[in-house]
Amino acid sequence: MRAPGRSTPLLSDVSLHLGAGERMLVLGPSGSGKSSLLQVLTGVIPFSQNLALEGAVHLGGVDATELPVIERSRRLGVVAQDPAAAVCLARVDQEVALPLENHGVDRSEISGRIDDALGLAGAGDLRERATGGLSGGEVQRVALAAALAARPAVLLLDEPTSMLDPAGVRAVRAAVDGVVERGESAVLMVEHRLDELAGARGPRGLPEHAVVLDGEGRMLAAGPTVQVLAENAARLHDAGCWLPLESELLAVVGHPGGLQAEPVREWLRERPTGEPQTAGTPQIDPPAAALGEPLLSARSLQVGHPSPGGRSARRRRPLAPPVLAGVDLDLRAGEVVALLGSNGSGKTSLLLTLAGLLPAQAGAVIGARPSMVFQYPELQFVGHRVRDEIAFGLTGSGSEVAQVVDRQLRLHRLEHVADRDPYRLSGGEKRRLSLAAMLAHVDRRVLLADEPTFGLDRRDTVATADVLRGEAAQGRAVLFSSHDLRFVATVADRVIVLADGRKAAEGETTAVLRDASVVQRAGLELPALVAWVLAEFDDVDAVRALRRLSAASAPQEPPAGSGGPRRATPSPAEVSR
Amino acid sequence: MSGAETVRDSPLARRNPTVKLAVLFLASVALLFVLDPVTPSVVYLLGLIGVIVGGRLPLRTVLAAQLPFLAFAVGVFSINVLSRPGTVVWQEGPLRVTVDGLIVGAALAVRTLAIGILSIGFVLTTDSLALMTSLHQNAHLGARPSYALMAGYRLLQQLPGEWTAIRDAQAVRAPLRRNGSVHRTPASFGRAAFTLLVLAIRRGERMAQSLESRGLGLQPRTVWNPVRVGSLDVVFGASIVAGLGVVIGIAGLLGVLRGPGALF
């Protein structure tokens, strides 16, 4: 696959074969072309996007290369990456009925098939709902149900769990297993949340086949997932991919077996004292030592949306019911604080209120104007070039601004895209740009961040962690919301848990995460790694182990006995068996 | 079938949208040929009562919805009164009012209001998605344009939320006024509009892809919940058309009815 005017292909030498009842995972770092590969199979490329394509696509033994998207839809069920764009009608049942109507399913069967599909996607209770009022996770389940409804021969899923809570991820796994066991479908999926998808069985709980794309869109490996992960763990890890924990530990420690293996445990227990560490390894700050004065405080804060009807009406009408009430908090110089809570618990509303963007219904926010980065960096973009984006809103002479811009470009590794359009950056680059542009305002000493790692690959997540820790070390206060408890445990000094319309818990990260009832109330589950280090170590050592693992790169030589780097084996027969 | 917008349940709201649209069209065309002030006044009054009672709509809402029609009616009336030749009833400098101007102006103005009240009755009692579904099934509008419009409607529903999010996200780095509020300039408005446009275009494109990937456009297709034209809908349509015929007929018998000839 080539873009017009570019010499290097975006995807090349990709061959795969998916048999009936098989599951396959597409792995690769951000920007490697995983989504494009799925779009080539659906026909969106080349029929809706102007990209040149060579090679062939066969569906059900028929050459489908020349078939447009809707003809291919007879055999394909698709969940695209942006679920908000996947739900097009007003009601959930209409939405799921649409593919059935399009495929000419008999009227009398449709209602039952809707229930079937919603049940498989774990969304049985949403049938009568208006799609306008669904949460992101609910929308994603409905999109999955709509893809399942027509009982496609092949199900193509592009990050179907990005907005789901742990229960939602289990539902996706059950749905995938369900359609495969029924013998109806083959499944090809792109997914980041591999541990949650795999469940308790580790890599053996993942789809049984895998293909790996490298950063340039070439097929690096293909075969049984367990084998592909074992042979390529180090390379995938260094490319910045998310891996199942067992594979990540294999890549870093060089020993298989995950947390059960003694050498792995030994590595995590290791305490590199004194000796100079590699550049990326963060030091552990002595807990609660560096805390300065409060930079931002909230007192009896009541958070909620203004009543419908706009500004002029606000005085006369009663306020909309509060999302949160009675919130007290202090953010101090030098600390990173995480905001936890299930979907709809009011994390974003609280951040907007603290940022002064949503008027407080009651109570007060005390402190200078904070800065904020949003879950979707694109919403913030105002410049047509990366350079202008950083310069936006800065005061000072032209040369001063240029100096700040150059510094931020360098610090956030954006020099190579300085003159590009912000919209055309990769997901990780967009996040870095939003941070670089916001943090250029050095007078703002508080950074608020809403889901700053959403949609990022491992490398960009680690980079974001470094930025948040680095800003705190330089005297800023950081408050971020997140669902990713490993990230939270690695980065945050303190956590604030929101539940039932109020602040439900607050304290040092490790102390709060050790409290199972609080974690459950926040609608979260401890990842295996976090649970293990918390059980095994004291607070300081637990955080040290997590940070060391996040910062670690794979040893330069591939681990002994892994067979070394191997080119892909793109023979269809070999791939499928 | 309930859309996300709220249309109050009422006898009018339960009627088939295509039938309502057809009745509205017929009545509007018929009124185009009526050029006396009395007949459309009667139609207007009957329409007003019908919309308020049949649509269970508050008088206030209905009157407020008529303001644009009223403004247009006043304009039409003024132009005709001041510009139409005929028997002069009042003159002051270059301004001159004629009998013909008063009559034709009033006729056109009341006609505007009469068509206005019927349109308002249609819009306020019809769920837009039900209309699209009905047009697709009863008026044989193709599946692709129908569902594209419905998807576009959902895109439109999401825009206010997106707009707020973009304005918030872009306000973070904007300078403050002296009182501490964000200084929102016309340029900032333009930037936010540009972002919204980019996001809407991209989302629209993805929605189109997702509709296609679900097989929209394949033949033959089935319809899960057909929107039927029931006997009540037929009675409704026929009686409105007949009622209009009776009004025009009586007006003709009484000699108040005038056709397009009144213009010349």
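Residues numbered from 1 in each chain as written. Chains lettered and ligands numbered in written order. Predicted model: local features only at pLDDT ≥ 70, side-chain atom pairs only at ≥ 80, totals over all residues.

Trainee: Give a detailed account of the packing of helix α4 (residues 67-83) of chain B against helix α5 (residues 99-124) of chain B, specifying residues and quantitative values.
Mentor: All names here are of chain B. Contact geometry for α4 and α5: axes closest at 7 Å, N-to-C directions at 165 degrees. Judged by the inter-axis angle, α4 sits roughly antiparallel to α5. α4 and α5 meet at a crossing whose hand is right-handed. On α5, the residues that touch Phe 69, Leu 70, Phe 72, Ala 73, Val 76, Phe 77, Asn 80, Val 81 and Leu 82 of α4 are Gly 101, Leu 102, Val 104, Gly 105, Ala 106, Leu 108, Ala 109, Thr 112, Leu 113 and Gly 116. Class assignment for the residues of the contact of α4 with α5 results in 14 nonpolar, five polar and no charged. (Axes fitted to C-alpha atoms, helices over the stretch in contact; angles between N-to-C directions. Helix = DSSP H or I, 4+ residues; strand = E, 2+ residues; numbered from the N terminus. Parallel < 35°, antiparallel > 145°, perpendicular 65-115°, else oblique. Left-handed = near helix turned anticlockwise from the far one by under 90°. Contact = placed C-beta atoms within 7 Å. Nonpolar A, V, L, I, M, F, W, Y, C, P; charged D, E, K, R; others polar.)

Trainee: Outline the environment of Val 386 of chain A, listing residues and values.
Mentor: Note on placement: Val 386 of chain A falls in helix α14 (residues 386-391). Those residues within four positions of Val 386 of chain A in sequence are excluded, and the remaining contacts are Leu 414, Val 417, Ala 418, Asp 419, Arg 420, Pro 422 and Leu 433 of chain A.

Trainee: Explain the domain arrangement of chain B to me, using residue names and the numbers behind them.
Mentor: For interface size, the figure often reported is the accessible area lost on association. The domains assigned to chain B are domain 1 (17-126 + 228-263) and domain 2 (142-213). In this structure, domain 1 of chain B and domain 2 of chain B have C-alpha centres spaced 39 Å apart. (Domains from an automatic or database assignment.)

Trainee: A description of the domain arrangement of chain A should follow, citing residues and the corresponding values.
Mentor: Residues and elements named next belong to chain A. Each assigned domain of chain A is listed with its residue range as follows: domain 1 (23-75 + 152-260 + 570-576) and domain 2 (295-307 + 322-551). In this structure, domain 1 and domain 2 have C-alpha centres spaced 30 Å apart. Taken together, the contact between domain 1 and domain 2 spans 13 residues of the former and 17 residues of the latter. Of the residues belonging to the side of domain 1 that touches domain 2, the class tally is seven nonpolar, four polar and two charged.

Trainee: Describe the sheet that holds strand β13 (residues 371-373) of chain A, and please don't skip the residues or the numbers.
Mentor: All names here are of chain A. Taken together, six strands build an open sheet; the order of strands is β13-β14-β15-β11-β16-β17 and the sheet is mixed. Of all the strands in the sheet, the pair left with one neighbour each is β13 and β17 (502-508). The sheet shows a mean angle of 20 degrees between the axes of neighbouring strands, taken without regard to direction. Sheet topology places strand β16 (residues 494-499) next to β17; six bridges connect them, and they run antiparallel. (Pairing = 2+ DSSP bridges.)

Trainee: Account for the nonpolar core, naming residues and giving values.
Mentor: When a protein is soluble and globular, its nonpolar side chains tend to lie buried together. Counting residues in each nonpolar core, the largest one holds 187 residues, and the members touching the most others are Ala 121, Ala 145, Leu 148 and Val 478 of chain A. The element contributing the most residues to this core is helix α6 (residues 136-149) of chain A, with nine residues. Excluding its chain neighbours within four sequence positions, the residues that come into contact with Val 478 of chain A are Val 336, Val 337, Leu 447, Ala 449, Leu 468, Glu 471 and Ala 472 of chain A. If you look at the next biggest cluster of nonpolar residues, it comprises 30 residues, including Val 23, Leu 35, Leu 57 and Ala 109 of chain B. (Core = buried A, V, L, I, M, F, W, Y, C linked by C-beta atoms within 7 Å. Buried ≥ 20, exposed ≤ 12 C-beta atoms within 10 Å, placed from the backbone.)

Trainee: Could you give an account of the environment of Thr 61 of chain B, with specific residues and numbers?
Mentor: The residue Thr 61 of chain B is located in helix α3 (residues 59-65) in this model. Distance in space between the C-alpha atoms of Thr 61 of chain B and Leu 124 of chain B is 9.3 Å, their sequence separation being 63 residues.

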